[in-house]
Amino acid sequence: MAQTETMPEKSAPPKILVMRYSSLGDVALTNPLLDGLQAASPRSPIFYATKSQYAATVQSHPAVTRVLALRGKGLFGLLDHINEVRAEKPDVVLDLHDSLRSHIVGFFLRGAKFLVYDKEALERRMLVHKLTQKPSMHTIQKYLKVLEPLGIKPRVRIPFEIHVSKKSQSFV
């Protein structure tokens, strides 16, 4: 994916955190967004927060500096994860989950610029219950829309590739 504009580079490139905790398919669909981030700001470290079982879907992507895996369940697992995420001190946070968990993690990341994925929950419910026939954008397009405030505009045709190690191919 290429864009018409790039993110302005400061003296130090911004640290970017992408959050998408589940599910496997949704995490995989974030790959074009990672391509766009890498093209727009190639020097920026990009951290990806997801559940440990989905880490293989993004950890081999050339844009990802490090996967911050949520391990375990419950409050203590979440607190450990929050501490790991906070230690990276992200400047920009892309919340592609818009869930209670991502809001809790985000609460502890004061000072970062937050951009949140629009789930279009009401529109989806209306479509499912046949109250409207207006089609929704594809999930990849919704993820890419989060990049627009950064000046990153996707191409009309969006390439889709999942970067995985040979070891992870059977899992994915």
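Structure report, in brief. Starting afresh in each chain, residues are numbered from 1 along the sequence in its written order. Only residues with pLDDT of at least 70 are given local features in this predicted model, and only at 80 or more are side-chain atom pairs given and counted; all residues enter the totals for whole chains, interfaces and linings. As a convention, hydrogens and water are excluded, and side-chain values are obtained from all of the structure's heavy atoms.

What to know about the overall build of the protein
Phase 1 of the analysis: Along its length, the protein carries seven helices and five strands.
Phase 2 of the analysis: Elements are defined by DSSP. Helices are runs of H or I of four residues or more, strands are runs of E of two residues or more, and each kind is numbered from the N terminus. When its helices and strands are written in sequence order, the protein yields β-α-α-β-β-α-β-α-β-α-α-α.
Phase 3 of the analysis: Residue pairs in contact within the protein that sit at least 24 positions apart in sequence constitute 65% of those at least 6 positions apart. Whether two residues touch is decided by their heavy atoms; if any such pair falls within 4.5 Å, the residues are in contact.

A few points about the sheet that holds strand S5 (residues 113–116)
Phase 1 of the analysis: Between any two strands, at least two bridges found by DSSP are needed for them to pair. In spatial order, the strands read S3-S2-S1-S4-S5; together these five strands make up an open sheet with parallel pairing. Each end of this open sheet is capped by a strand with a single partner; those strands are strand S3 (64–70) and S5. The sheet shows a mean angle of 20° between the axes of neighbouring strands, direction not considered.
Phase 2 of the analysis: With four bridges joining them, strand S4 (residues 92–95) and S5 adopt parallel strand pairing. Looking across to S5, one finds that Leu94 is bridged to Leu115.
Phase 3 of the analysis: Note on definitions: angles span 0 to 180 degrees between N-to-C directions of axes, and those axes are lines fitted to C-alpha atoms, for helices only across the stretch in contact. Contacts between helix H3 (residues 74–87) and the sheet are confined to strand S1 (16–19), strand S2 (46–51) and S3, with S3 contributing the most and set at about 160° to the helix.

A look at the layout of surface pockets
Phase 1 of the analysis: Taken as a whole, the largest pocket encloses approximately 190 Å³ of empty space.
Phase 2 of the analysis: The rule is simple: put a 1 Å grid over the protein atoms alone, call a set of points where a 1.4 Å probe fits but cannot get out a cavity, call an open set with protein on both sides within 12 Å along at least five of seven lines a pocket, and count a residue as lining if it has an atom within 4 Å of a point. Every residue lining the largest pocket is listed: Lys51, Ser52, Gln53, Leu70, Arg71, Gly72, Lys73, Gly74, Gly77, Leu78, Arg101 and Ile104.
Phase 3 of the analysis: Among the secondary structure elements, those contributing two or more residues to the lining of the largest pocket are H3 and helix H4 (100–107).
Phase 4 of the analysis: In terms of residue count, H3 provides more of the lining of the largest pocket than any other element does, three residues in total.
Phase 5 of the analysis: Side-chain classes follow a simple rule in which Ala, Val, Leu, Ile, Met, Phe, Trp, Tyr, Cys and Pro form the nonpolar group, Asp, Glu, Lys and Arg form the charged group, and the remainder, Gly included, forms the polar group. Taken together, the residues of the lining of the largest pocket break down into three nonpolar, five polar and four charged. Grid points are joined across faces, edges and corners, and a volume is the space filled by probe spheres set on the points.

Considering a nonpolar patch on the surface
Phase 1 of the analysis: On the surface, Leu75, Phe76 and Leu79 cluster together into a nonpolar patch covering about 340 Å² of accessible area.
Phase 2 of the analysis: Position of Phe76 relative to the elements: it lies in helix H3.
Phase 3 of the analysis: Overall, the relative accessible area of 68% leaves Phe76 in the exposed class. Every patch collects residues that have over 30% relative accessible area and no salt bridge, joining them within 9 Å if they carry like charges and within 5 Å if they are nonpolar side chains (Val, Leu, Ile, Met, Phe, Trp, Tyr). Every accessible area reported is derived by Shrake-Rupley at a probe size of 1.4 Å, with residue values counting cover from the shown protein chains alone. Within this document, salt bridges are pairs made up of a side-chain nitrogen of Lys or Arg and a carboxyl oxygen of Asp or Glu, the two lying within 4 Å of each other. Accessibility here uses a 1.4 Å probe with only protein chains present; expressed as a share of the type maximum, an area under 20% marks a residue as buried, one over 50% as exposed, and anything in between as partly exposed.

Describing the side chain of Thr50
Phase 1 of the analysis: In this fold, Thr50 is placed in strand S2.
Phase 2 of the analysis: Residue class for Thr50 comes out buried when judged on its relative accessible area of 0%.
Phase 3 of the analysis: As used in this structure description, the phrase polar contact means that two N or O atoms lie within 3.5 Å; if the pair is within protein, one of them must be able to donate a hydrogen and the other to accept it, and residues adjacent in sequence are counted only when both atoms belong to side chains. Of note is the side chain of Thr50, whose polar atom sits 2.7 Å from the backbone oxygen of Arg20.
Phase 4 of the analysis: Among residues more than four places away in sequence, those in contact with Thr50 are Arg20, Tyr21, Val27, Ala55, Val67, Leu68, Ala69 and Leu70.

What about the packing of aromatic side chains?
Phase 1 of the analysis: Planes of paired rings set the category: under 30 degrees apart is stacked, over 60 is edge-to-face and the rest tilted, where pairs are Phe, Tyr or Trp rings (Trp by its six-membered ring) whose centres lie within 6.5 Å. Tallying each qualifying case throughout the model produces two aromatic pairs.
Phase 2 of the analysis: Residues Phe107 and Phe108 carry aromatic rings whose centres are separated by 5.2 Å and whose planes lie at 90° to one another, so their mutual orientation is edge-to-face.
Phase 3 of the analysis: The interplanar angle of 55° and the centroid separation of 4.9 Å between the aromatic rings of Tyr117 and Tyr143 together place this pair among those described as tilted. On the criterion of sequence distance, the pair formed by Tyr117 in the loop between S5 and helix H5 (121–128) and Tyr143 in helix H6 (residues 139–145) is long-range, its members being 26 residues apart. The pair Tyr117 / Tyr143 is uniform in exposure class, with both members buried.
Phase 4 of the analysis: Note on geometry: a ring has a charge over it if NZ (lysine) or CZ (arginine) is within 6 Å of the ring centre and within 35 degrees of the ring normal. Across the ring face of Tyr21, the terminal group of Arg101 is positioned such that the distance to the ring centre comes to 5.4 Å.

Comments concerning the packing of H3 against H4
The description of two packed helices rests on the angle between their axes and on the distance between the axes.
Phase 1 of the analysis: Taken N-terminus to C-terminus, the directions of H3 and H4 make an angle of 50°; their axes are 10 Å apart at the nearest point. One finds that H3 runs oblique with respect to H4. As H3 packs across H4, the resulting crossing turns out to be right-handed. Where H3 abuts H4, its residues Leu78, His81, Ile82 and Val85 lie against Arg101, Ile104 and Val105. By the definition adopted for this analysis, an angle is roughly parallel if under 35 degrees, roughly antiparallel if over 145, roughly perpendicular if from 65 to 115, and oblique otherwise. If you view the pair so one helix is near and one far, a crossing is left-handed when the near helix is turned anticlockwise from the far one by less than a right angle, and right-handed when it is turned clockwise.

So, to be careful, I would describe these as geometric facts and stop short of saying anything about function.
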